[in-house]
Each structure stands twice: as C-alpha cells, then as structure tokens.
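Residue strings, one per chain:
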Amino acid sequence: MNTLAIIGGTGLDTLGILHVDKRELVNTPFGEPSGPVTRGSLFGQEVLFLPRHGYNHNVPPHQVNYRANLWALRAAGADSVLAVAAVGGIRTDMGPGRLVIPDQIIDYTWGRSSTFFENSPGGKSEPVTHIDFTEPYCDELRQRLLKAAFAGNIAVVDGGTYAATQGPRLETAAEIERLERDGCHLVGMTGMPEAALARELELCYACCAVVANRAAGKSGDIITMADIDKNLKSGMQRVGDLLESLMSFD
Ligand code: HPA
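Definitions and limits used
Residues numbered from 1 in each chain as written. Predicted model: local features only at pLDDT ≥ 70, side-chain atom pairs only at ≥ 80, totals over all residues. Heavy atoms only, no water. Core = buried A, V, L, I, M, F, W, Y, C linked by side-chain atoms within 4.5 Å. Buried < 20%, exposed > 50% of the residue type's maximum accessible area, 1.4 Å probe, protein only. Helix = DSSP H or I, 4+ residues; strand = E, 2+ residues; numbered from the N terminus. Contact = heavy atoms within 4.5 Å. Near = heavy atom within 4 Å. Polar contact = N/O pair within 3.5 Å; in protein donor to acceptor, adjacent residues only side chain to side chain. Areas by Shrake-Rupley, 256 points an atom, 1.4 Å probe, with all protein chains shown as cover. Nonpolar A, V, L, I, M, F, W, Y, C, P; charged D, E, K, R; others polar.

Draft legend 1. Main features of the nonpolar core. Core analysis: the largest hydrophobic core is formed by 39 residues, its most contacted members being Leu70 and Leu73. Elements represented by at least two residues in this core include exactly β1 (4-8), β4 (45-51), α2 (66-75), β5 (80-89), β9 (161-164), α5 (191-200) and β11 (204-214). Excluding its chain neighbours within four sequence positions, the residues that come into contact with Leu73 are Ala5, Ile7, Val37, Leu48, Leu50 and Ala78. In this structure, Phe49, Val210, Ala212 and Leu232 belong to the second largest nonpolar core, which totals 31 residues.

Draft legend 2. Region of interest: the site of the ligand. What surrounds the ligand is the set Ala86, Val87, Gly88, Leu170, Glu171, Val187, Gly188, Met189 and Asn213. Separating a nitrogen atom of the ligand from a backbone N or O atom of Gly88 is a distance of 3.4 Å. One nitrogen or oxygen atom from the side chain of Asn213 is found 2.6 Å from a nitrogen atom belonging to the ligand. Protein chains bury 93% of the 260 Å² of accessible surface belonging to the ligand in isolation. Sorting the residues of the shell around the ligand by element identifies β5 and β10 (186-188) as the ones contributing at least two each. Considering every element that reaches the shell around the ligand, the biggest residue donor is β5, with three residues. A class-by-class count of the residues in the shell around the ligand yields five nonpolar, three polar and one charged.

Now the structure itself:
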C-alpha cells in the first residue's frame, strides 16, 4: 500500500493515536471539504485523515461534501481510503460495539451530489462514464483489514450489506423491517455516495463499520444519543486496535 487515508468521525481524533504533523487546506473544484486534511502518522506509518463531519462534528450526513472530501484526499496523495462509519446493526450478530467489514451496499439516499461525471464546475468534461460497482468495496483493502483483525485477535464480522439511508433522523421500525427484507444487515447514513465517488476516482475504498446501536425496532428500546456515544467509544477503541494491527503489516 502507498498512502492510506482514513475518513472518520471525531472518535478517532480523540483516541489520541494519530500523531499530527500538519493540517493542509485543500481547494477542490467541488467546494470545501469537511476540514483541512491532516497529515500524520499512525503507529509509525504515514497516513492522511479527514473527519467526515468536520473537526467540530457539525456537518450532518446529508450535507457532507463527499465529492470535495474524496477529491481533497486524492489531491493530498491518497490511493486508498478506509472509511470508519457508525452504523445501526440489523442482523442479530451485529450488536453494539461490533466491527463489521461490509461487502455490499444498497443506496437509499437522495438529493446528494453523487458523481464526478456531470457538467458541474470542475466536473469531468469527458463522455458520460458508468463505473463498474458490482463489488462496491475494494477487495484488496477488505482482505488486509480482515487479516489484520485475525492477527490482532480482534473480532470483526466479515461481510454484510450496508443500507445507506438519508438521515439525519434514525429510521422507523417499519423502515428497518423493509431494509431487512431487502437483504440489508447494517444501516448508516454516510456510506453513499462516498463509496461510489471513491470508485470514480479509482481509489481503493473499504469500510470499517462500528455498530453504535441496534437498529430501530430491534431492541425493544428507543435509541438515545447517550447510548450511541457510549457504544461508539468502546467500538472506537477496537478500531484503534485494528488500525494498530493493520499498520504493523504495511
Ligand atoms: N441508522 C442509521 N445510521 C446510524 C444508526 C442507525 O441506527 N446508528 C448510527 N448511525
């Protein structure tokens, strides 16, 4: 692997495992990314880091400038991207705190700028291009994550279909039942168009999903932000362990 970029939430920042060298403001033809790109090191390896929701965690999922974020990371030198993302678990083995490396996506989002191949300022002026998206995640990075998890004795679920919903509200119980009937196993608000845009830029993109809560209607309880925060804290600890193992391979 050459340069890995990590797109994450604030949880990763506060883990304190990232040694920051500098922060670079990257201009893109698509507007501003969620913040400056952090160049730093993680367990001795150079990485780039960008918090999807901004350094103050104030950009909601439907307003993230996904195009600018991916463009900025590529411009900063990334050729692979690990997306860390909070999700709700639909399948019973995806309980709070679990890590999942999904292998499929169904996109339920709408109204997001979801391609570089259109006539917008900075858009590619080439003929319309349809990327192959049969396998939405880069298998090479997925396999490296799974190998790192095995070597580090870190429990992860290998595979699962990620339902990308619009947010920012959580789903109704009936919506989750529908997603389940559709074959989805986990649900989050940021997986798309991020994965497709990464493919358009030929970045090797994979996701490490952290289960923050059981999806709506799956636990008998309502979902509170306090519970989400608590579960994310323990999940992020595991993400840190996984990254340490991953970095020791590369
Ligand atoms: N649904 C959608 N996105 C999420 C959830 C959820 O239950 N939990 C964390 N992100």
